[in-house]
Amino acid sequence: MSRPYRYGAGVLLLAVTLGVLGTTYPRLLRAMAQWLDVGARPQQADYVMVLNGGEDSRPFAAAALFKAGLARHVLVAKTIISPNAADGIVPPYHELNRRVLLNRGIPATAITLLPGAAATTFDEARALASFLAERPHARVLVVTSDYHARRSRWIFARTLADRAGQIELVSAPSDDLPEDGWWQDDEGFVTVLSEYLKLAFYVVRYGHFRYWLAACIALVLVGRWVQRRESRSPAPAY
Amino acid sequence: MTDFDRSPITANPARPAAAGIPPADSTPTAKQRRRWLRFLILLAAVAGLWWAHGPVLRSVGGLLVSDEPVGQYQYVGLCGRDSGPDGDRAYDAAAALFRQHPSCHILVIQTAALRLVETGILASLATLSRRELAARGVPAHTLVATSRDGGDDWATARALRVWLSDHPTDSIVLLCARFRSAYLRHALSAVLDSSQAARVRLHALRDRRCDETDWWKSRTGYKAFGMECLRHLHTWCVGGGHPMPPLQSADDYERSFRLTLSEATR
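Residues numbered from 1 in each chain as written. Chains lettered and ligands numbered in written order. Predicted model: local features only at pLDDT ≥ 70, side-chain atom pairs only at ≥ 80, totals over all residues. Heavy atoms only, no water.

> Would you take a moment to explain the overall build of chain A for this structure?
Tallying secondary structure elements over chain A gives eight helices and five strands in all. The helix and strand sequence of chain A, counted from the amino end, reads α-β-α-β-α-α-β-α-β-α-β-α-α. A compact globule built from 238 residues should have a C-alpha radius of gyration of about 18 Å, whereas chain A, at 25 Å, is more than 25% larger. Judged by the C-alpha coordinates and their principal axes, chain A covers about 90 × 40 × 40 Å. (Helix = DSSP H or I, 4+ residues; strand = E, 2+ residues; numbered from the N terminus. Rg over C-alpha atoms; globule rule 2.2 N^0.38 Å.)

Below is the structure:
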């Protein structure tokens, strides 16, 4: 293909891509948020675990699961104390969760605080792993916000390894993430994009990303070497 | 005879003319020298960036901060959601500002209808502020409260627009989180007219865990920095001030969740 044709094809392809994106972007953006929500249909379990954060939605969803008879106990991992909690201005996150559960009619005897000082979802997964070590047949519904479900599933799968089959992620609808038009609101926008960034960070930091990266770099280097070799070989004489 | 004439590559008669490369550049030594030079420049740039990363990151962090001189004020403003007021040690700062001007009032801008407040699990921001400020020597009668229609900075700006119209001669020092301050200033400038915006001064509170001088050294720091960058990106791409739909009550939330459960299990 000659150079003007190649440029023309490139411009046409770009225009078509932009046109498709322009007309379908609401659907794409909706799909982007939906991709994060991997919450499953809850099945009968022994425990329901509330992940800390999202106190105005997650414990309410956990209470609903308990009241629907899908679990007999609620687990909450103890968290580190935030500065505001240290100053006594607000209770720590796990205490807030416990208070919501009590407020929604869950008996105190059905709530178990997992020991530790969780600062991240990884810490909560570790707390659950040690809890499940003594209960190899227990099934747990893990409740988290819809946007946080994919990352949580990834974290729990890595932390629990062969025991990951004992848990099931249930997503609680978040108020900050309206189904339609999350990108219009700054909280929704920050929530979704930061979740993608965090996912990328987790894959790089904790996943097999470094092997993929090494393979890509090796491929690029081999490509460069082949290219240089070809450019050095004498041109055929006609 | 020049170096170029002796070059083994130019001994091939097909090459320079066909490739259209200036002959002097195609000598391996010149190419190698250029490549080395490029590599050294890149290395110097990386080393320079590494050496100066502190000042660079400090400057970038500083772009998110809008800390303004407080001047004369009649009110000190506090806003926040259910995790307390915005800004670290906001009550200490409010009490300190009150002590500087004992005739001033404290304005609490609270979010209406928060689920945790509605259920009585948490005290409202006004109640919490009254308790905490009283413990710091600020009398309860100096505290006045107003409501905003959402939990974001645009809702704060809309609430302040109404309040400033009702108080045409008063100025307010609004306390806020340090990395949030530039964004809040942007929202205020967009929602308020210039004379109203000039009557609001932002006091960007330093967080005890990190600020613009060391945000890259801690998880809290780079999370806060990243979130605020995304917020600015949102304003740049979409604009701001889109009101959120009202929150469901606790009972409605639980009911709708149970409904989705029964639909899912059907």
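From this point, the discussion proceeds with the structure in view.
> Quick question: what am I supposed to make of a positive patch on the surface here?
On the surface, Arg-224, Arg-228 and Arg-232 of chain A together with Lys-31, Arg-35 and Arg-38 of chain B cluster together into a positively charged patch. Looking at the positive patch, the elements that each hand over two or more residues are α8 (209-232) of chain A together with α3 (28-51) of chain B. Mapped onto the secondary structure, Arg-224 of chain A falls in helix α8. (Patch = residues over 30% accessible without salt bridge, like charges linked within 9 Å, V, L, I, M, F, W, Y side chains within 5 Å. Areas by Shrake-Rupley, 256 points an atom, 1.4 Å probe, with all protein chains shown as cover. Salt bridge = Lys/Arg side-chain N within 4 Å of Asp/Glu carboxyl O. Lys, Arg positive; Asp, Glu negative; His and termini not counted. Charge placed at Lys NZ, Arg CZ, Asp CG, Glu CD.)

> Mind showing me how you'd approach the side chain of Thr-119 of chain B here?
With respect to the helices, strands and loops of the structure, Thr-119 of chain B is situated in the loop between α6 (115-118) and α7 (125-135). Side-chain polar atoms of Thr-119 of chain B contact the backbone oxygen of Arg-115 of chain B, separated by 2.9 Å. Of the polar contacts made by the side chain of Thr-119 of chain B, one reaches the backbone oxygen of Leu-116 of chain B; its length is 3.3 Å. Excluding residues that lie within four positions of it along the chain, Thr-119 of chain B makes contacts with Phe-60, Asn-103 and Arg-104 of chain A together with Ala-250 of chain B. (Polar contact = N/O pair within 3.5 Å; in protein donor to acceptor, adjacent residues only side chain to side chain. Contact = heavy atoms within 4.5 Å.)

> It is not clear to me how the pattern of salt bridges should be interpreted in this structure. Could you clarify?
When the charged atoms of two side chains with opposite charge come close together, those side chains can pair. Residues and elements named next belong to chain B. For the coordinates displayed, the defined rule picks out 30 salt bridges over all chains. For Arg-206, the salt bridge identified is with Glu-212, shortest N-O distance 4.0 Å. Using a relative accessible area of 47% as the deciding quantity, one classes Arg-206 as partly exposed. (Buried < 20%, exposed > 50% of the residue type's maximum accessible area, 1.4 Å probe, protein only.)

> Looking at this structure, how should I read the interface of chain A and chain B?
It is common to report an interface's size as the accessible area lost on association of the parts. Counting from both sides, the interface comprises 49 residues of chain A and, opposite them, 46 residues of chain B. For the pair chain A and chain B, the summed buried area comes to about 4,100 Å², and 59% of that belongs to carbon and sulfur atoms. In terms of surface lost to chain B, no three residues of chain A exceed Phe-60, Ile-89 and Asp-186 of chain A, which account for 14% of the buried area on that side. In this assembly, chain A and chain B are joined by eight salt bridges. For Asp-175 of chain A, the salt bridge goes to Arg-115 of chain B, with nearest N and O atoms at 2.9 Å. Scanning the region where chain A abuts chain B turns up 13 residue pairs in polar contact (both at pLDDT 80 or more). Looking at the side of chain A that touches chain B, the elements that each hand over two or more residues are α2 (58-67), α3 (83-86), α4 (93-103), β5 (167-172), α7 (186-206) and α8 of chain A. At nine residues, the largest contribution of residues to the side of chain A that touches chain B is made by α7 of chain A. Per-class residue counts for the side of chain A that touches chain B are 26 nonpolar, nine polar and 14 charged. (Buried area = accessible area lost by both parts, 1.4 Å probe. Nonpolar A, V, L, I, M, F, W, Y, C, P; charged D, E, K, R; others polar.)

> What am I meant to see in the domain arrangement of chain A here?
All names here are of chain A. Annotation of chain A at the domain level lists domain 1 (3-36 + 177-228) and domain 2 (47-172). Placing the centre of domain 1 and that of domain 2 at their C-alpha centroids yields a distance of 32 Å. Each side of the interface is counted separately: domain 1 has 12 residues, and domain 2 has 10 residues. For the domain 1 face of the interface with domain 2, the top three residues by lost area are Leu-36, Glu-195 and Tyr-202, together amounting to 44%. Counting across the interface, domain 1 meets domain 2 through one salt bridge. A salt bridge links Arg-151 to Glu-195; the nearest nitrogen and oxygen atoms lie 2.6 Å apart. Here domain 1 is connected to domain 2 by five residue pairs in polar contact (both at pLDDT 80 or more). (Domains from an automatic or database assignment.)

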